[in-house]
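Spelled out, the chains give:
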Amino acid sequence: MGIARAINDLGERSRTKKLTPDEIQRGTFTITNPGGFGPYAGIPIINQPQVAILGVGAIEKRPKVMALPDGGDTIAIRTMGMLTMAYDHRIVDGADADRFLADVKRLLQEFPEGAV
């Protein structure tokens, strides 16, 4: 909850242009949200000297092929979003970055609906 409060505070102060120069320096990882403007995905660009940037696309209902217990397939409507990430290969191994994205995906898929 502390991290969520800090993020909300920084977000509010950034929208009202009340951040100090020290608060926007020396970052290592950024999250950007082009999906807030409607795109399904974006292509984030690293702001050096940062190591990586995660892009969060629009979250919306989409058709999804789902496997049935009997081995067949069906098309279902699911709420989905696209995550993209750019990273500096001099610092981050691609396999580690892919595992990170897989972990984020798993955690979002398993997140309890009533938790927020």
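In what follows, the accompanying structure is described. As the structure is a prediction and not an experimental result, all values here were calculated from the model.

Rules of the game
- Residues take numbers from 1 onward in each chain, read along the sequence in its written order.
- Note on the predicted model: pLDDT of at least 70 is required for a residue's local features to be given, and 80 or more for side-chain atom pairs to be given and counted; whole-chain, interface and lining totals, by contrast, use all residues.
- With hydrogens and water stripped out, all remaining heavy atoms of the structure feed into the side-chain values.
- Only when DSSP finds a minimum of two bridges between them are two strands counted as paired.
- Numbering of helices and strands starts at the N terminus; helices are DSSP runs of H or I of at least 4 residues and strands are runs of E of at least 2.
- Only the contacting stretch of a helix is used when fitting its axis, a line to C-alpha atoms as for every element, and angles between N-to-C directions run 0 to 180 degrees.
- We call a set of buried Ala, Val, Leu, Ile, Met, Phe, Trp, Tyr and Cys residues a nonpolar core when their side-chain atoms join them within 4.5 Å.
- A 1.4 Å probe rolled over the protein chains alone gives each residue an accessible area, and that area as a share of the maximum for its type sets the label: buried under 20%, exposed over 50%, partly exposed in between.
- We count a salt bridge whenever a side-chain nitrogen from Lys or Arg sits within 4 Å of a carboxyl oxygen from Asp or Glu.
- How far a helix is expected to stretch is found by multiplying one less than its residue total by 1.5 Å.

Description of the sheet that holds strand β5 (residues 83-87)
Moving on, step 1. Reading across the sheet, the three strands line up as β1-β2-β5 and stay open at both edges, with mixed pairing between neighbours. The open sheet is flanked by β1 (29-32) and β5, the only strands paired with a single partner. Here the average twist between neighbouring strands, direction ignored, is 15 degrees.

Some points on the nonpolar core
Moving on, step 1. Counting residues in each nonpolar core, the largest one holds seven residues, listed as Val-51, Ala-52, Leu-54, Met-85, Tyr-87, Val-92 and Ala-97.
Moving on, step 2. Where this core is concerned, the elements lending two or more residues are β2 (52-56) and β5.

With respect to the pattern of salt bridges
Moving on, step 1. All chains considered together, the criterion is met by eight salt bridges.
Moving on, step 2. For Glu-12, the salt bridge identified is with Arg-15, shortest N-O distance 3.6 Å. A residue pair is termed a helical-turn pair when its members lie 3 or 4 positions apart in one helix, as Glu-12 and Arg-15 do in helix α1 (residues 2-15) at three residues.
Moving on, step 3. Salt bridges here are not isolated pairs; linked through shared partners, they connect Asp-9, Arg-13 and Glu-23.

Structural notes on α1
Moving on, step 1. Between its first and last C-alpha atoms α1 spans 20 Å; for 14 residues at 1.5 Å apiece the expected length is 20 Å, and the two agree.
Moving on, step 2. Of the residues flanking the end of α1, it is Lys-17, one or two places downstream, whose phi is positive at about 55 degrees.

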